[in-house]
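Structure assessment
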Amino acid sequence: RKVREGRSSEFAFRHDWNSLIDVRSEENRTAPVTQRTKLLFPHADTLQEYLHDFATEQSDHIRYGVQVRRVRRADPRRDHDEGGVGAAAKDGGFVVVLARGG
């Protein structure tokens with residue numbers, strides 16, 4: 001199957017489960033997987049290239065090899081500001097995203 005074409009950018013965003021959410025302005029975002037291939041299930045090299053590009057562009061905000069001692073679920077009533085950045089991150093904490101292959 002191929003990725004559906006001719007849809008709105010909102011539709012494409014909601015149906016692109018291969019790309020990470022990029023909160024930067026649109027002109028500064030990493031090109032999503034759907035702009036790199038028309039395949040619904042992209043080849044591994046396409047995903048690797050995308051993740052490498054994303055990590056390179058976000059290198060100031062990504063930490064590797066960090067020991068995480070405590071994680072709590074965010075409370076949207078308390079841990080959010082108007083800019084979309086979690087209060088914990090603004091107070092010196094970090095937003096943890098864990099991804100692993102299976």
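Reference entry: report on the structure contained in this document. (Residues numbered from 1 in each chain as written. Predicted model: local features only at pLDDT ≥ 70, side-chain atom pairs only at ≥ 80, totals over all residues. Heavy atoms only, no water.)

Further remarks concern the environment of Ala55. Its location among the elements puts Ala55 in helix H2 (residues 44-57). Sequence separation between Ala55 and Thr30 is 25 residues; the distance between their C-alpha atoms is 9.5 Å. Residues in contact with Ala55, not counting those within four places in the same chain, are Ile62 and Tyr64. (Helix = DSSP H or I, 4+ residues; strand = E, 2+ residues; numbered from the N terminus. Contact = heavy atoms within 4.5 Å.)

On to H2, then. Helix length check: H2 (14 residues) gives 20 Å between terminal C-alpha atoms against 20 Å at 1.5 Å per residue, within 8%. By the burial criterion, the buried members of H2 are Thr46, Tyr50 and Phe54. Seen end-on, H2 carries its buried residues on one side only, within an arc spanning 65 degrees. The exposed set on the far side of H2, more than 90 degrees from its buried face, consists of Ala44, Asp45, Gln48 and His52. (Expected span 1.5 Å × (residues − 1). Buried < 20%, exposed > 50% of the residue type's maximum accessible area, 1.4 Å probe, protein only. Arc of directions from axis to C-beta.)

Now for the packing of aromatic side chains. On inspection of all chains with the given rule, the structure shows one aromatic pair. Seen in terms of ring centroids, Tyr50 and Phe54 are 6.1 Å apart; in terms of plane orientation they differ by 40 degrees. Their pairing is tilted. With Tyr50 and Phe54 both in helix H2, this residue pair falls four residues apart, about one helical turn. Owing to a relative accessible area of 1%, Tyr50 belongs among the buried residues under this scheme. (Phe/Tyr/Trp six-rings, centres within 6.5 Å; stacked < 30°, edge-to-face > 60°.)

Within this structure, the stated rule accounts for four salt bridges. Between Asp22 and Arg24 there is a salt bridge; the shortest N-O distance is 2.6 Å. Residue Asp22 is classed as buried on the basis of its relative accessible area of 10%. Between Glu57 and Arg24 there is a salt bridge, with its nearest N and O atoms 3.1 Å apart. Of this pair, Glu57 sits in helix H2 while Arg24 sits in the loop between helix H1 (9-14) and H2; the two residues are 33 residues apart in sequence, bridging distant segments of the chain. According to the relative accessible area criterion, Glu57 is partly exposed, its value standing at 42%. (Salt bridge = Lys/Arg side-chain N within 4 Å of Asp/Glu carboxyl O.)

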